[in-house]
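Chain and residue survey
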Amino acid sequence: MSTESVAAEPRLSTPIKDNPRTIFGWCMYDWANSAYITTAVGLIPLYFANVVVGREGVTIRGTHYHPDSLWGLMVGVADVLAFLAAPVLGAIADFSAAKKRFLLMFAYTGSLFTLLLYFSRSGDLYRTMLFFVVAQFCYVSANVFYDAFLPQIASEQRMDWVSGKGYSFGYVGGGLQFAIALGLIVGHGRLGIAQETAARVGIGMAGLWWAGFTLFTAKLLWEAPAGERLPEAYRRWPRPLALAAMGLERTWATTRRVRRFRHLVLFLLAFMFYNDGIQTVINLATTYGSVEMRLPTAVLMGTLLAIQFVATLGALLFSWIAGRLGTKRSIMLTLVLWSGVVIYAYFMTNATQFFVLGIIVGIVLGGSQALSRSFFGSMVPEQASAEFYGFYTVFTKFSAVWGPFAFALMKQWTGSSRQAIVSLIAFFLVGMTLLQFVNETKAREAREAGAF
C-alpha cells in the first residue's frame, strides 16, 4: 500500500480489511497485554503464595484459606465483575464507535494497577487482592473491545490467520517480558538484590510493558466514526447516563435476538464448557505445580516461558490446519488434546513431566484460543461486533468463574488438587459434544441475511 493511501485511510467511512498497517497495530496490543497475563499466570500467583500469604495460608474471619484456593477466589471475583459489565460496555462502544477509547482506557488503568503491585510485600493481603482484582478486570474488559475489532479488520477468508497472528504476537511479546523477569529472579544474587525484590521488579515491569507497547495500538489501529445518534428520548439526559441506558437497551435487544439463532447459541454453550477447562488449567497451573507438586520456582517459570514460545507456533500451526480441516474440526482436535492434558496432569510426579506437559499445553493453547475467537467472529454481524463479543466475554467469564471456584472448593474439601484437575475432562467432552451440532454454514447464512 502506498504512503498516500495509508495517510488517507482515516478519512474513509469504513476500515479497509486486511490492511497490514491496521492488523499490525491490532496485533501489537496482544504483544503489549500478554506481558500482564504471563505475569498474572506465572509470577504473581507464586509471589502471592510464597511472600504475600505464605505457603501455609492465612486465616480470615475464622476461616483458614490455602493460598491457591484464595487465588482462585480472587480470579473468580474479577471475572464476575467482567461478566456483569462486558455486554453493556460492548453495546455502548458499538453505538458510539468507542471501541478504541474503551480499549485504551481499560488498558492503561490495568497497567497502572499492575505497576502498583510492585509495592505489595509480605502481609499486604488486602491491598494485593484489590490491585490484582482491578488489574484482572481491566485486562478482561479491554479484551472485549480488542476482540471486537477482528471482524472489522479481517476478511472472512483471513480471519483465522489474523486471529492466530494476534495470539502469536502475544506469545512472543509476553514470553520476552517473562524471560527478562525470569532472568532477574534467577540472577538476583549477581545483581545484588533480594529474590523478592527481583520478583516485584518483574511484576512492575509487566505493567510498564503493557502500557508502553499499547502506544502502537493507539497510533495504528483505526475505528470508523459513529454512524448513529442518540434517540430523541435520551438526548436531554447527561451523556454518560444516556449511553449507559442505551447500552442496557441494546444489550436486552441483542439477548432476545441471540436466543433465536440455534447455531450461534450452541457454539456459545460449547465454548462455555470447554473454555471452563482451559481457563482453569491456565490460571491455576503454577499454583498446582507449587503447592501440589512442590516444584521449585525456577522449574515453574521455565516451563511457562517454554509454553509462551511453543504457543506462538501452535497458534500459527492450527490456523494452517483450519485452512485444511475447517475451523470447527480443528477446534475439536484441540479439545481431544486438552482432554489428554488433564489426564496426564493427574499422574504427574516430577519436574520433567511438568515440563513435557507444558510443551503440549503450548501447542494446543494457541490453537484453541485463536480458532475459537475467529470462529465466533465469522458468525456475528460486523456492525455490532463489540456488542456480540461482549456476550462472548460473558460466556468466557461465566465458565471461567466456575472453574476457579470449583477448584478452590474441591481443594478445600479434599486437600488435593489432583481430583480437581482430572475432573476437567468432563468440560472438554461436553464442549465437543455440543460443538458437533453447530452448523457453521447456517450460522453464517443467518448473519449475511441480516437475521440479527
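Since this is a predicted model, take the numbers as computed values, not measurements.

On to the pattern of salt bridges. If you walk through the whole model with that rule in mind, you get 2 salt bridges. Between Arg127 and Asp124 there is a salt bridge, and its shortest N-O distance comes to 2.9 Å. The exposure class assigned to Asp124 is partly exposed, which follows from its relative accessible area of 23%.

Confidence in the prediction of the protein, expressed as mean pLDDT, is 80, and 80% of residues score 70 or more. Taken as a whole, residues 1–14 scores under 50 in pLDDT and shows 15 contacts with residues more than four places along the chain or in a different chain.

Before going further, it helps to examine the side chain of Thr334. Within the element layout of this structure, Thr334 appears in helix α14 (residues 327–347). Look past the residues within four positions of Thr334 in its chain and what remains in contact with it is Phe318, Val364, Gly367 and Ser368.

Right, let's get into the environment of Leu300. Tracing the chain through its elements places Leu300 in helix α13 (residues 297–325). Between the C-alpha atoms of Leu300 and Tyr288, which are 12 residues apart in sequence, the distance is 9.8 Å. Ignoring any residue separated from it by four or fewer positions in sequence, one finds Leu300 in contact with Leu46, Thr286, Gly289, Ser290, Leu295 and Phe354.

This brings us to the nonpolar core. Trp26, Phe48, Phe267 and Trp338 are the most contacted members of the largest nonpolar core, which has 125 residues in total. Excluding residues within four positions of it along the chain, Phe267 makes contact with Tyr274, Ser372, Phe375, Phe376, Met379, Tyr392, Leu435 and Val438.

It is worth spelling out the packing of helix α12 (residues 262–292) against α14 at this point. Each pair of packed helices can be described by the angle between their axes along with the distance between the axes. The contact between α12 and α14 brings their axes to 11 Å, and the two run at 40°. The interaxial crossing formed by α12 with α14 has left-handed handedness. Residues Tyr274, Ile278, Val281 and Tyr288 of α12 form the contact with α14, whose participating residues are Ile331, Leu335, Trp338, Val342, Ala345 and Tyr346. Among the residues forming the contact of α12 with α14, the class breakdown is 10 nonpolar, no polar and no charged.

A few words on the environment of Asn19. Tracing the sequence through the fold places Asn19 in the loop between α1 (3–8) and α2 (20–42). Residues Asn19 and Ala154 lie 135 residues apart in sequence; the distance between their C-alpha atoms is 8.0 Å. Of note is the side chain of Asn19, whose polar atom sits 2.9 Å from the backbone nitrogen of Arg21.

In this model α12 runs 42 Å from its N-terminal to its C-terminal C-alpha over 31 residues, within 8% of the 45 Å that 1.5 Å per residue would give. Of all bends in α12, the biggest is about 55°, found at Leu284. Of all 31 residues that make up α12, 25 are buried, and the element is covered over most of its length. Just downstream of α12 lies Arg294, where phi reads positive at about 55°.

So, how was this worked out
Residues numbered from 1 in each chain as written. Predicted model: local features only at pLDDT ≥ 70, side-chain atom pairs only at ≥ 80, totals over all residues. Heavy atoms only, no water. Salt bridge = Lys/Arg side-chain N within 4 Å of Asp/Glu carboxyl O. Buried < 20%, exposed > 50% of the residue type's maximum accessible area, 1.4 Å probe, protein only. pLDDT = per-residue confidence, 0-100. Contact = heavy atoms within 4.5 Å. Helix = DSSP H or I, 4+ residues; strand = E, 2+ residues; numbered from the N terminus. Core = buried A, V, L, I, M, F, W, Y, C linked by side-chain atoms within 4.5 Å. Axes fitted to C-alpha atoms, helices over the stretch in contact; angles between N-to-C directions. Left-handed = near helix turned anticlockwise from the far one by under 90°. Nonpolar A, V, L, I, M, F, W, Y, C, P; charged D, E, K, R; others polar. Polar contact = N/O pair within 3.5 Å; in protein donor to acceptor, adjacent residues only side chain to side chain. Expected span 1.5 Å × (residues − 1). Bend = angle between axes of the 7 residues up to and from the residue.

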